[in-house]
Amino acid sequence: MVPLTLAEHGALAQARLPAVIWDFFEGAAGSEWTARANADAWRRHLLRPRVLVDVSAPDCGTELFGARLAAPYGVAPMAYHGLAHPDAECATARAAAAAGALLVVSIFAGRTLEEIAAAAPGGTRWLQLYWLRDREALAALVARAEAADYRALVLTVDAPKVGRRLRDLRNAFALPPGMTAANLAARLTSGAAHAEPGRSGIEEHSRQQFDPAVTWADLAWLRRRTTLPLLLKGVLTAEDAKLAVDHGADGLVVSNHGGRQLDGTPPAADALAEVVDAVPADLPVLVDGGLRHGADLARAVALGARAALVGRPVLWGLAHGGADGARAVLDLLREELLDTLVLAGRPALADLDRGALASRSPYI
Ligand SMILES: Cc1cc2nc3c(=O)[nH]c(=O)nc-3n(C[C@H](O)[C@H](O)[C@H](O)COP(=O)(O)O)c2cc1C
Ligand SMILES: CCCCCCC(=O)C(=O)O
């Protein structure tokens, strides 16, 4: 079967993956309400098409921090792509570069930053960080990212610890043998390889390694260590968006972590406008969570996002088809976006503003 929707990519992946790994990918915190709401919220923004517009040459290309992208999209940072496919992040890097998409590499990647860069030399890559207790490890990663031509840093700020993910607790999820975070010393990663019944190795590991005492005041330490643009990922409120700007953030990612952290937060699609409206107009705001169709990319741009990141669907493609599968997911999103631009009578991203949407329809 040639998958024609992201959901069909998901079905192929689920058929292939061990259930505990599928659960780790798909799972979210608590009742998983926020994870479900993420996808539903995009669809509540109905599209308002314009007619008799010249749509013969639609263009969804864009530029982000000086890099050219084929569409306003990227791969969200996700730990351990090797759980999906043996070629791991190197395959994802090849897919993203071929599709003209940004790749945000997780601090918990299973391949080194240098291997990932070498796998797709022309690609646009950023590095995501969690604030570890071991600051020297963080500083070393920043230096390596700069040397390997990563173009920005993304500090994830919604995770003083990993959320309470019931599927992982039920499965006593732990990393399989051989699966390690290649960019960190073994002493910083070994905790995720074992879980007692009713526990999650990932959650325990985060309690050991993540610094839950970090505050806005600490950002200056990171800011001083790099000239790269610094984005904060996991901001959902106007208050925090303003604080981020005051503390030198160069961009934001509106995100509830795909519902994997605090269940009950607003869907990302609903938080986006609040954040966009709180920051200077030229500050790049990205968004992730629940984007499952190219039309959702159009919705994100219309609400003020400069680009959107896609998480689980890329792992679905990777799981069933390696680099080709991940690329197929990204290509499908771009094709669907172009189709949306044409049929909505808005042939360029600049034509997408809030007038392109009828929000919060009473009909669905
Ligand atoms: C398996 C998995 C691992 C993830 N690992 C990370 C991570 O290492 N760092 C991070 O900031 N976010 C991580 N996330 C969250 C994603 O970056 C992103 O916020 C979320 O997946 C977007 O939602 P979506 O999957 O609905 O597209 C992870 C998500 C998944 C599904
Ligand atoms: C201590 C390892 C944490 C990895 C967390 C990755 C993940 O599942 C997520 O951020 O979500």
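Residues numbered from 1 in each chain as written. Chains lettered and ligands numbered in written order. Predicted model: local features only at pLDDT ≥ 70, side-chain atom pairs only at ≥ 80, totals over all residues. Heavy atoms only, no water.

### As for unusual backbone geometry
Working note: non-glycine residues mostly have negative phi, and peptide bonds are mostly trans. Heads up, the rule is: For the purposes of this entry, the term helix denotes a DSSP run of H or I that reaches at least four residues, the term strand denotes a run of E that reaches at least two, and both are numbered from the N terminus. When accessible area is computed with a 1.4 Å probe and restricted to protein chains, residues below 20% of their type maximum are described as buried, those above 50% as exposed, and intermediate ones as partly exposed.
The backbone of E32 sits at a positive phi, close to 65°, despite the residue not being glycine. Along the polypeptide, E32 turns up in the loop between α2 (19-26) and α3 (33-44). Taking the relative accessible area as the measure of exposure, E32 reaches 13% and is therefore buried. One non-glycine residue with positive phi stands out, namely H257, at about 65°. With respect to the helices and strands, H257 occurs in the loop between β9 (251-254) and α12 (268-278). The exposure class assigned to H257 is buried, which follows from its relative accessible area of 10%.

### Considering the pattern of salt bridges
Let me state the cut-off plainly: Just to be clear on terms, a salt bridge is a Lys or Arg side-chain nitrogen sitting within 4 Å of an Asp or Glu carboxyl oxygen.
Across all of its chains, the model carries 15 salt bridges by this definition. Here the salt bridges do not stand alone but share partners, grouping D23, E32 and R167 into one network.

### Thoughts on the site of ligand 2
Going by this rule: Working definition: residue near molecule or strand if any one of its non-hydrogen atoms lies within 4 Å of it. Two N or O atoms count as a polar contact when they lie within 3.5 Å, although within protein this holds only if one can serve as hydrogen donor and the other as acceptor, and sequence-adjacent residues are included solely when both atoms are side-chain atoms. Note on areas: these come from Shrake-Rupley sampling with a 1.4 Å probe, and a residue is covered only by the protein chains present in the view. Polar here means any residue outside two lists: the nonpolar Ala, Val, Leu, Ile, Met, Phe, Trp, Tyr, Cys and Pro, and the charged Asp, Glu, Lys and Arg; Gly therefore counts as polar.
What surrounds ligand 2 is the set F24, A79, F108, Y130, V162, R165, I202, H205, S206, F210, H257 and R260. Contact between ligand 2 and Y130: an oxygen atom at 2.4 Å from a side-chain N or O atom of the residue. Computed on the free molecule, ligand 2 has an accessible area of 340 Å², of which 94% lies beneath the protein chains in the complex. It is helix α9 (residues 201-209) that contributes the most residues to the shell around ligand 2, three residues altogether. Residue composition of the shell around ligand 2, by class: seven nonpolar, three polar and two charged.

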